Amino acid sequence: MRKLYPDFVTSRRPDRIEGIPVFTFHSIRPKIFEEQLGFLKENSYITVSVDQFYNYLIGKDHIPERAILLTIDDGRKSVWEYGFPLLKKYGFRAAVFVIPGHTKEMRDERRVTSDDDKDILSWQEILVMKDSGLIDFGSHTFYHNRVFTEPEIVDFLGPSYSRSPYDYPAVPAGFEISVLEKESSEFYGLPIYMSDSLMSGKQRFIDDPEFRDVCKKYYREVSRSKRWKKKMFGFCEEYRWRNNLNEGFTTYDDIAEEIFDNLYTSKRTLEERLGKPVNCLCYPFGIWSQLSDEMVKKADYLSAFCAYIPHRPINRTGDDPYKIVRLKDDYIFRLPGKGRRPLTEILTHKLKRRLNREMIY
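Parameters at a glance
- Residues numbered from 1 in each chain as written.
- Predicted model: local features only at pLDDT ≥ 70, side-chain atom pairs only at ≥ 80, totals over all residues.
- Heavy atoms only, no water.
- Phe/Tyr/Trp six-rings, centres within 6.5 Å; stacked < 30°, edge-to-face > 60°.
- Buried < 20%, exposed > 50% of the residue type's maximum accessible area, 1.4 Å probe, protein only.
- Helix = DSSP H or I, 4+ residues; strand = E, 2+ residues; numbered from the N terminus.
- Lys NZ or Arg CZ within 6 Å of the ring centre and 35° of its normal.
- Contact = heavy atoms within 4.5 Å.
- Core = buried A, V, L, I, M, F, W, Y, C linked by side-chain atoms within 4.5 Å.
- Axes fitted to C-alpha atoms, helices over the stretch in contact; angles between N-to-C directions.
- Parallel < 35°, antiparallel > 145°, perpendicular 65-115°, else oblique.
- Left-handed = near helix turned anticlockwise from the far one by under 90°.
- Nonpolar A, V, L, I, M, F, W, Y, C, P; charged D, E, K, R; others polar.
- Salt bridge = Lys/Arg side-chain N within 4 Å of Asp/Glu carboxyl O.

**Regarding the packing of aromatic side chains**
- Following the criterion strictly, the structure yields 21 aromatic pairs and no others.
- With 4.8 Å between their ring centres and 65° between their planes, Phe142 and Tyr143 make a pair best called edge-to-face.
- With relative accessibility at 16%, the residue Phe142 sits in the buried group.
- Seen in terms of ring centroids, Phe260 and Tyr264 are 5.5 Å apart; in terms of plane orientation they differ by 25°. Their pairing is stacked. Here the residue Phe260 and the residue Tyr264 both occupy positions in helix H10 (residues 252-274), the gap between them amounting to 4 residues, near one helical turn.
- Judged by its relative accessible area of 17%, Phe260 is buried.
- Exposure remark for Tyr264: the relative accessible area of 34% places this residue in the partly exposed category.
- The ring of Phe285 has Arg146 lying over it, and the distance from NZ or CZ to the ring centre is 5.1 Å.
- The aromatic ring of Tyr301 is capped on one face by Lys267, whose charged end is 5.8 Å from the ring centroid.

**Focus on helix H3 (residues 50-57)**
- Burial runs high along H3: 6 of the 8 residues are buried.
- Listed as buried for H3 are Val50, Phe53, Tyr54, Asn55, Tyr56 and Leu57.
- In the core, the buried residues of H3 are packed alongside strand S1 (22-25), strand S3 (67-74), strand S4 (94-98), strand S5 (135-139), strand S10 (280-282) and strand S11 (303-305).
- Positive phi appears at Gly59, one or two residues downstream of H3, with a value of about 80°.

**Section: the nonpolar core**
- If you look at the biggest cluster of nonpolar residues, it comprises 40 residues, and the most contacted ones within it are Phe23, Leu37, Leu40, Leu70, Ile135, Phe137 and Leu335.
- Take this core: its biggest share by element is 5 residues, from helix H4 (residues 77-90).
- Apart from residues lying up to four places away in sequence, Phe23 is in contact with Phe8, Ile68, Leu69, Leu70, Thr71, Leu327, Lys328, Asp329, Tyr331, Ile332 and Leu335.
- Membership of the second largest hydrophobic core comes to 26 residues, among which are Ile153, Tyr188, Phe205 and Leu245.

**Re the environment of Gly337**
- By secondary structure assignment, the location of Gly337 is in the loop between strand S12 (327-328) and helix H12 (343-355).
- Residue classification places Gly337 among the partly exposed residues on the basis of a relative accessible area of 33%.
- With 116 residues separating them along the chain, Gly337 and Glu221 place their C-alpha atoms 62 Å apart.
- When near neighbours in sequence (up to four residues on either side) are disregarded, Gly337 contacts Asn43 and Arg66.

**What to know about the packing of H10 against helix H11 (residues 290-298)**
- Where H10 meets H11, the axes come as close as 9 Å, and the angle between the chain directions of the two elements is 45°. Between H10 and H11, the crossing angle belongs to the class labelled oblique. Read as a crossing pair, H10 and H11 show a hand that is right-handed. Between H10 and H11, the residues in contact are Tyr252, Ile255, Ala256, Ile259, Phe260 and Leu263 and Leu291, Ser292, Glu294, Met295, Val296 and Lys298, respectively.
- Broken down by class, the residue content of the contact of H10 with H11 amounts to 9 nonpolar, 1 polar and 2 charged.

**A word on the pattern of salt bridges**
- In total, this model carries 29 salt bridges according to the counting rule given.
- A salt bridge links Glu181 to Lys104; the nearest nitrogen and oxygen atoms lie 3.0 Å apart. Here the residue Glu181 occupies a position in helix H7 (residues 178-181), and Lys104 occupies one in the loop between S4 and helix H5 (109-112), the gap between them amounting to 77 residues.
- Residue Arg312 pairs with Asp319 through a salt bridge whose shortest N-O separation is 3.5 Å.
- Taking the relative accessible area as the measure of exposure, Arg312 reaches 12% and is therefore buried.
- What you see here is one network of salt bridges that share partners, running through Lys267, Arg268, Glu271 and Asp300.

The following block contains the structure:
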C-alpha cells in the first residue's frame, strides 16, 4: 500500500517531523492564510528559501527542526493583495511559481480590486516582491498549457469557458495567447478534445484546421439554443463520419522539443526579468513524466516540484530534487504544536467547501 501522507498528518500526537514538508497554495484566502501563519508563528516554525531547501536535499546544508517550505502556484493576484502583506506581517517567506508566457505589465487598476482571482501578477508586482527578499520565484512552465491527446471531442469553447491562463481548456497549438487576448466570441464553437498537461509527455493530437472553421460557423447557427452543445456534438459526429479529416499526432521527438522549448523559454524569460538565476520548476497540475523529467534537466533546472509520489510522503536529505512532494495547505494545521486541529475537522471543512462550490485551491 502506497503511503501518501507523512506521519504528522495521520498521527494522533506527533512530537516531531522527519524531513521538511512543502505546502502548496493557489488562491490566497486572507482569513485562513492569516490563521495558518499565526499557527506557524505561535509554534516557532520557520520558512526556508528554495535555495536552502535544495541544499538540504543534496546534503549541503543543515536546516533546524520545524523548518517548512511554503509554495504558491500560478501567481494569482491574491498573492499580491493578501499573501505578500501577510507574509511581511508575520516575517515568513514563500516561493511563487509564475507563468511568464501570460505575465504582462501593470494591470488596469480598475481590475486590481476584483475578488474573482482570475487575473495573475504583473511583472511590476513580481519585481517588488522579489526585491523584498521574502518571495522566491520559480517557473510554472511558459504557458501552463494542456494539449489535445485523443481525437474524442469532449466539449466546445463557449461563453462559460474560463478566461484564466491557469485553468483554461486545451486549445490547438499556437492558440495559447490568442484565445485569451482576442475577442472571446471569435473562438466560440472550437472543439475541445481529450487533453492532458503538456508535461505528461503524451503526443499532441493535431486537429483539422478546416474542421475548426466548420464548427465555429455551425455554432453561430445554433448558439441561441439552450441545447447548443448537444446540437454541436451531433453535427460534429456526423460531419467527421462523412468527411476525411486531416488529423494526426505529433511524433515523440516533436513533443519532446515542445516540452523543452516551453521549459527553456520560461526559465530564460524569468531570469532576464528578475536579474537572477531561476533554478526551480513546478509542474502544472502536479503532472510529470519521464520525458518531462529529462527535459527539465536538459533545460538546466536544479529541482522540480510535483504533487504526490508513491512511497515518498515527505522530503528528506538524499531525495531526488527533481521529484519534490507537496501537501495541500489545509494540512498545516496538522503540524505538531498548540492549536493543532483534528484530521476529521480539516477533511470536513474541505468537503463543505466542495459541496458549496467554493474555491478549494
